[in-house]
Amino acid sequence: MFVFICLTILQLITGYVAAPESMVAQAFQNDKIVSKVVLNPPSELISVTYPGVSIYLGTTVQPLQTLAQPVVSYEGDDNELYTLMFFGPDLPPSVNVPLTQFLHWLVVNIPGRDISKGDTISSYFPPTPYPGGFPYIFILYKQDGMLNTTEIPDMSFILRRPNFSPMEFAEKYNLNGPIAGNFMHESYLSVIPEVLQTFYNILGNAFG
Ligand SMILES: *[C@@H]1O[C@H](CO)[C@@H](O)[C@H](O)[C@H]1NC(C)=O
């Protein structure tokens, strides 16, 4: 009997140790910058698709490919509410690995997987990378209940987007996770195409 119990315990322990770690969590931990920004790596994948390119844990993209809001999907329970965040470093990582982020997109109260039915706190603003390129991160949290959006400041205005702390926001609104995530590396274009110039102008005007 004793031997049997010991064997069972051993199996439980080795089974636990041998359980393959999620590919997503591993990718979040292995990326030099992402691992410093998202301290608690998610284990599920957020599927992110831009016209012509699917993002998978570090895909390199050009700013022109990410101008439009992507199609985003994940494993979600219709009876739960979710928060989706999309952000990138405030400063080039060569300067500093930033603890706060420039907010590119934030939707709360998403019923299940239907992002269009959530409440948009910050509308989609395309990435405008610095030289060197750096990761842009998507993460998903599960909510305990409906968030009262009249109590959350609107963050679509350009000057409300810098200095965003995903972890602080999650703590303030009791979000669980992140449960899912994805990220991409965005190349810097030395010659800015006209269509992208608009967004650089908005940023330039806002921050002098
Ligand atoms: C939401 O917050 C506002 C402002 O604090 C409050 O007046 C309102 O009653 C709240 N709504 C709900 C449903 O709790």
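Just so we're clear, the structure is a prediction, and the values are computed from it rather than from any experiment.

Student: Any chance you could break down the nonpolar core for me, citing the residues and the numbers?
Tutor: The biggest cluster of nonpolar side chains holds 26 residues, and the ones touching the most others in it are Phe28, Met85, Ile137 and Phe169. For this core, the secondary-structure elements that each account for two or more residues are α2 (23-30), α3 (34-37), β6 (81-89), β7 (101-111), β9 (134-142) and α4 (166-172). Every residue in contact with methionine 85, bar those within four places of it in the chain, is listed here: Trp105, Leu106, Ile137, Phe138, Ile139, Tyr141, Phe164, Pro166, Phe169, Ala170 and Leu175. Grouped together as the second largest cluster of nonpolar side chains are 22 residues, Ile46, Val72, Phe86 and Val107 included.

Student: Give a detailed account of the site of the ligand, specifying residues and quantitative values.
Tutor: With respect to spatial proximity, the complete set of residues near the ligand consists of Asn148, Thr150 and Glu151. The separation between an oxygen atom of the ligand and a polar side-chain atom of asparagine 148 is 2.3 Å. Between the ligand and glutamate 151, the relevant distance is 2.9 Å, taken from an oxygen atom to a side-chain nitrogen or oxygen of the residue. Here the ligand loses 26% of its free accessible area of 360 Å² to cover by the protein chains.

Student: Kindly report on α2, identifying the contributing residues and their values.
Tutor: In an α-helix, one turn spans 3.6 residues, which is why side chains three or four residues apart end up on the same side. For α2, the complete set of buried residues consists of Val24, Ala25, Ala27 and Phe28. Viewed along the axis of α2, the buried residues span an arc of 160 degrees, placing them on a single side of the element. Turned more than 90 degrees from where α2 packs its buried face, Met23 and Asn30 sit exposed. For α2, the elements touching its buried residues are α3, β1 (44-45), β9 and β10 (176-186). One side-chain oxygen of the residue at the start of α2 lies 3.0 Å from the amide nitrogen of valine 24, identifying that residue as serine 22.

Student: With reference to specific residues and values, describe the pattern of salt bridges.
Tutor: Working definition: two side chains of opposite charge can pair if their charged atoms are close together. Summed over the entire model, instances satisfying the criterion amount to two salt bridges. Salt-bridge contacts for lysine 142 lead to glutamate 80; the nearest nitrogen and oxygen are separated by 3.9 Å. Placement of the pair is lysine 142 in strand β9 and glutamate 80 in the loop between β5 (71-73) and β6, with a sequence separation of 62 residues. One salt bridge connects aspartate 114 with lysine 117, and the closest N-O pair in it is separated by 3.0 Å.

Conventions adopted
- Residues numbered from 1 in each chain as written.
- Predicted model: local features only at pLDDT ≥ 70, side-chain atom pairs only at ≥ 80, totals over all residues.
- Heavy atoms only, no water.
- Core = buried A, V, L, I, M, F, W, Y, C linked by side-chain atoms within 4.5 Å.
- Buried < 20%, exposed > 50% of the residue type's maximum accessible area, 1.4 Å probe, protein only.
- Helix = DSSP H or I, 4+ residues; strand = E, 2+ residues; numbered from the N terminus.
- Contact = heavy atoms within 4.5 Å.
- Near = heavy atom within 4 Å.
- Polar contact = N/O pair within 3.5 Å; in protein donor to acceptor, adjacent residues only side chain to side chain.
- Areas by Shrake-Rupley, 256 points an atom, 1.4 Å probe, with all protein chains shown as cover.
- Arc of directions from axis to C-beta.
- Salt bridge = Lys/Arg side-chain N within 4 Å of Asp/Glu carboxyl O.

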